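Chain by chain, the residues:
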Amino acid sequence: MLIDTHSHIDMDNYKDRFDEVIAEAKDFGVEKIVIPGVAPSGFKRIVELCEKYENIYGAVGVHPEDLAAFDADAESLIREYLKHPKIVAVGEIGLDYYWDKSQIERQKEIFEKQILIAKEIGKPVLVHDREAHFDTFEILKKTKASDVGVVMHCFSGSPEFAMECVREGFYIALGGVVTFKNAKKVKEVAKIVPLERLLLETDAPYMTPVPYRGKENQPAYVKFVAEEIANLRGVSFDEVANATCENAKKLLAL
Ligand code: NI
């Protein structure tokens with residue numbers, strides 16, 4: 001059994017073949033899928049999918065790339081949707097200095113605000129950190145986000161940073177990048193992070209793992225991520241699958 005903890009299958013890319021994508025995930029042993037939110041305009045669709053499909057869960061939050069969409073209305077929407085039993089986390093939220101360095105202060109502000117909402121409601125945070133490791137870590141520590149649980153989604157830091165995150169009690173989520181031949185850092189991370197801190201994800205439609213690299217990603221392919229991590233660690237596929245499933249179930253109350 002596998003769980004894809006981060007999959008943007010609410011995107012229009014999947015609209016016409018949604019049932020097919022879900023069926024294929026099941027064929028590949030993917031038991032549950034979590035759809036993270038990126039902007040308020042998408043929250044309703046995520047909840048609809050959660051209600052229609054027993055194995056789909058969601059999160060709500062404003063992504064740093066969508067920071068213009070964060071206002072008082074967005075904040076109250078996030079609070080409202082978090083009451084839903086299948087909305088299991090606040091996310092994806094975080095910092096992205098690759099995308100736009102001109103609004104760093106605003107990014108930090110809305111990241112922190114959303115962590116505080118998560119803490120108030122008691123649900124974990126799904127964190128997007130792109131070229132912003134230091135500030136992301138500082139804010140997570142300062143706000144004691146680990147009290148509710150932290151997922152470092154699509155982890156891209158060094159092995160040392162991964163272990164710093166582990167010491168803070170954060171979870172490290174790995175996706176298709178770990179299967180890329182030249183992804184030395186991520187492969188090292190996959191080897192050293194304790195199994196009880198690892199989560200699997202696809203980040204579909206992005207980051208498609210080998211052997212489908214270059215094609216559109218989908219939740220089924222989380223299987224290739226698990227296989228590669230098992231190879232790197234020298235353990236069985238089942239060991240990785242079971243541990244990461246248990247972690248996701250516990251942290252996200254799936
Ligand atoms: Ni994402």
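In this report, we go over the structure that sits alongside the text. (Residues numbered from 1 in each chain as written. Predicted model: local features only at pLDDT ≥ 70, side-chain atom pairs only at ≥ 80, totals over all residues. Heavy atoms only, no water.)

Side note on the pairing of strand β5 (residues 125-130)
Right, on to step 1. For β5, the tally of buried residues reaches 5 of 6 residues, placing the bulk of the element in the interior.
Right, on to step 2. Relative to β5, strand β4 (residues 87-96) runs parallel, the two sharing 6 bridges. From the neighbouring strand, G94 faces β5, where its bridge partner is H128.
Right, on to step 3. Relative to strand β6 (residues 150-153), β5 runs parallel, the two sharing 4 bridges. Bridging from a neighbouring strand, H128 pairs with H153 of β6.
Right, on to step 4. Handedness of the crossover joining β5 and β6 through helix α5 (residues 133-142) is recorded here as right-handed. (Buried < 20%, exposed > 50% of the residue type's maximum accessible area, 1.4 Å probe, protein only. Helix = DSSP H or I, 4+ residues; strand = E, 2+ residues; numbered from the N terminus. Pairing = 2+ DSSP bridges. Right-handed = clockwise from strand over helix to strand, strands pointing away.)

Some thoughts on the coordination of the nickel ion
Right, on to step 1. Protein-derived coordination of the nickel ion comes from H6 (NE2), H8 (NE2), E92 (OE) and D203 (OD), at a distance range of 2.1 to 2.5 Å.
Right, on to step 2. Around the nickel ion sit 4 donor atoms, and with donor-metal-donor angles ranging over 84 to 171° the site reads as irregular. (Donors = N, O, S within 2.8 Å, 3.2 Å for Na, K, Ca; no water. Tetrahedral: all angles 85-135°; square planar, octahedral: opposite > 155°, others 65-115°.)

So, the packing of aromatic side chains
Right, on to step 1. The final tally for this structure, using the stated rule, is 10 aromatic pairs.
Right, on to step 2. Taking 5.9 Å as the distance between ring centres and 65° as the angle between the ring planes, the aromatic pair formed by F137 and F170 counts as edge-to-face. Linking F137 in helix α5 with F170 in the loop between α6 (159-167) and β7 (171-174), this pair joins segments that are 33 residues apart in sequence. For the pair shown, F137 and F170 are each scored as buried.
Right, on to step 3. With centroids separated by 5.8 Å and ring planes inclined at 50°, the aromatic side chains of Y221 and F224 adopt a geometry described as tilted. Accessibility classification places Y221 together with F224 in one group, the buried group. (Phe/Tyr/Trp six-rings, centres within 6.5 Å; stacked < 30°, edge-to-face > 60°.)

Notes on the environment of T202
Right, on to step 1. The topology assignment puts T202 in the loop between β8 (198-200) and α8 (222-233).
Right, on to step 2. Judged by its relative accessible area of 1%, T202 falls in the buried class.
Right, on to step 3. Considering only alpha carbons, one finds T202 and V186, 16 residues apart in sequence, at a separation of 14 Å.
Right, on to step 4. Residues in contact with T202, not counting those within four places in the same chain, are D4, H6, S7, M207, N217, Q218, P219, Y221 and V222.
Right, on to step 5. Side-chain polar atoms of T202 contact the backbone nitrogen of A204, separated by 3.1 Å. (Contact = heavy atoms within 4.5 Å. Polar contact = N/O pair within 3.5 Å; in protein donor to acceptor, adjacent residues only side chain to side chain.)

Structural notes on the layout of surface pockets
Right, on to step 1. Taken as a whole, the largest pocket encloses approximately 810 Å³ of empty space.
Right, on to step 2. Lining of the largest pocket is provided by 35 residues; of these, H63, H128, H153, D203 and Y206 occupy positions nearest its centre.
Right, on to step 3. Looking at the lining of the largest pocket, the elements with two or more residues in it are β4, β5, β7 and α7 (184-192).
Right, on to step 4. Tallying contributions element by element places β5 first for the lining of the largest pocket, with 3 residues. (1 Å grid on protein atoms, 1.4 Å probe; cavity = no way out; pocket = protein on both sides within 12 Å on 5 of 7 lines; lining within 4 Å. Points joined across faces, edges and corners; volume = space filled by probe spheres on them.)

Functional significance is not addressed by these values, which are geometric in nature.
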